[in-house]
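# Survey of secondary and tertiary structure
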Amino acid sequence: MKAIKAHYDGHVIVPEEPVDLPANTPVRVLVPETDDFAVITKAFAQLSEISFSCIWDNDEDAAYDKL
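Throughout, a residue's number is its position along its own chain's written sequence, starting from 1. Local features in a predicted model are, by the rule used here, given only for residues with pLDDT of at least 70; side-chain atom pairs are given and counted only at 80 or more, and totals for whole chains, interfaces and linings are based on all residues. With hydrogens and water excluded, all non-hydrogen atoms of the structure serve as input to the side-chain values.

## A word on the overall build of the protein chain
- We count a stretch as a helix when DSSP gives it H or I for four or more residues in a row; a strand needs E for two or more, and each element gets its number in order from the N terminus. Within the protein chain, the secondary structure is distributed over one helix and two strands.
- In sequence order, the protein chain lays out its α and β elements as β-β-α.
- Based on C-alpha atoms, the radius of gyration is set beside the globule rule, defined as 2.2 Å times the residue count to the power 0.38. On C-alpha atoms alone, the protein chain measures out to a radius of gyration of 21 Å, which is more than a quarter above the 11 Å that the 2.2 N^0.38 rule sets for 67 residues.
- Principal-axis analysis of the C-alpha atoms places the extent of the protein chain at approximately 60 × 25 × 20 Å.
- Surface exposure here means Shrake-Rupley accessible area, sampled with a 1.4 Å probe, where a residue is shielded only by the protein chains that are shown. Accessible area of the protein chain: about 6,900 Å², with a carbon and sulfur share of 59%.
- Of the side chains in the protein chain, 5 bear a positive and 13 a negative charge, and the two mean positions are spaced by 5 Å. In this tally Asp and Glu are treated as negative and Lys and Arg as positive; neither His nor the chain ends contributes. One atom stands in for each charge, and that atom is NZ of Lys, CZ of Arg, CG of Asp or CD of Glu.

## What to know about helix α1 (residues 34–56)
- For α1, built from 23 residues, the straight-helix expectation of 33 Å at 1.5 Å per residue is met to within 8% by its first-to-last C-alpha distance of 32 Å.
- The angle between axes fitted to the seven residues ending at a residue and the seven residues starting there is what we call the bend at that residue. E49 marks the point of greatest bend in α1, at about 30°.
- We call a residue buried when its accessible area falls under 20% of the maximum for its residue type, exposed when it is over 50%, and partly exposed in between, using a 1.4 Å probe and counting protein chains only. Across the 23 residues of α1, zero count as buried, placing the element largely on the outside. Any helix carries an expected span of 1.5 Å times its number of residues minus one.

## Thoughts on the layout of surface pockets
- Here the term cavity refers to a set of points on a 1 Å grid, laid over the protein atoms alone, in which a 1.4 Å probe fits but cannot get out; the term pocket refers to an open set having protein on both sides within 12 Å along at least five of seven lines, with lining residues being those that place an atom within 4 Å of a point. Grid points are joined across faces, edges and corners, and a volume is the space filled by probe spheres set on the points. Each pocket or cavity is described by its volume, and for the largest pocket that value is around 840 Å³.
- K2, I4, R28, V29 and L30 are, among the 20 residues lining the largest pocket, the residues nearest its centre.
- Residues that form the lining of the largest pocket fall into these classes: 16 nonpolar, one polar and three charged. For this scheme, ten residues count as nonpolar: Ala, Val, Leu, Ile, Met, Phe, Trp, Tyr, Cys and Pro. Four count as charged, namely Asp, Glu, Lys and Arg, and the remainder, Gly too, count as polar.

## Describing unusual backbone geometry
- Despite not being glycine, N24 has its phi angle at roughly 70°, a positive value.
- Within the secondary structure, N24 sits in the loop between β2 (13–15) and α1.
- What makes N24 exposed here is its relative accessible area of 78%.

## Topic: the confidence of the model for the protein chain
- Per residue, pLDDT measures the predictor's confidence, with a range of 0 to 100. Of all residues in the protein chain, 100% have pLDDT values of 70 or greater, and the mean over the chain is 84.
- The secondary structure element of the protein chain with the lowest average pLDDT is α1, at 81, and the one with the highest is β2, at 93.

So this is what it looks like as structure tokens:
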């Protein structure tokens, strides 16, 4: 499966980069709901907190805590 960035110009879906597909190739267009972006962003932020805390909360970087 291939992901292609595109936008809808009010009439047709326009790829934002060249697409190497034969004419009449069936495609599936998934349009995320606006609410999906907020949910996904929040989920990624929560998942990132674990990694960031492991990186940022360490004795070597403790000097930065005083800034």
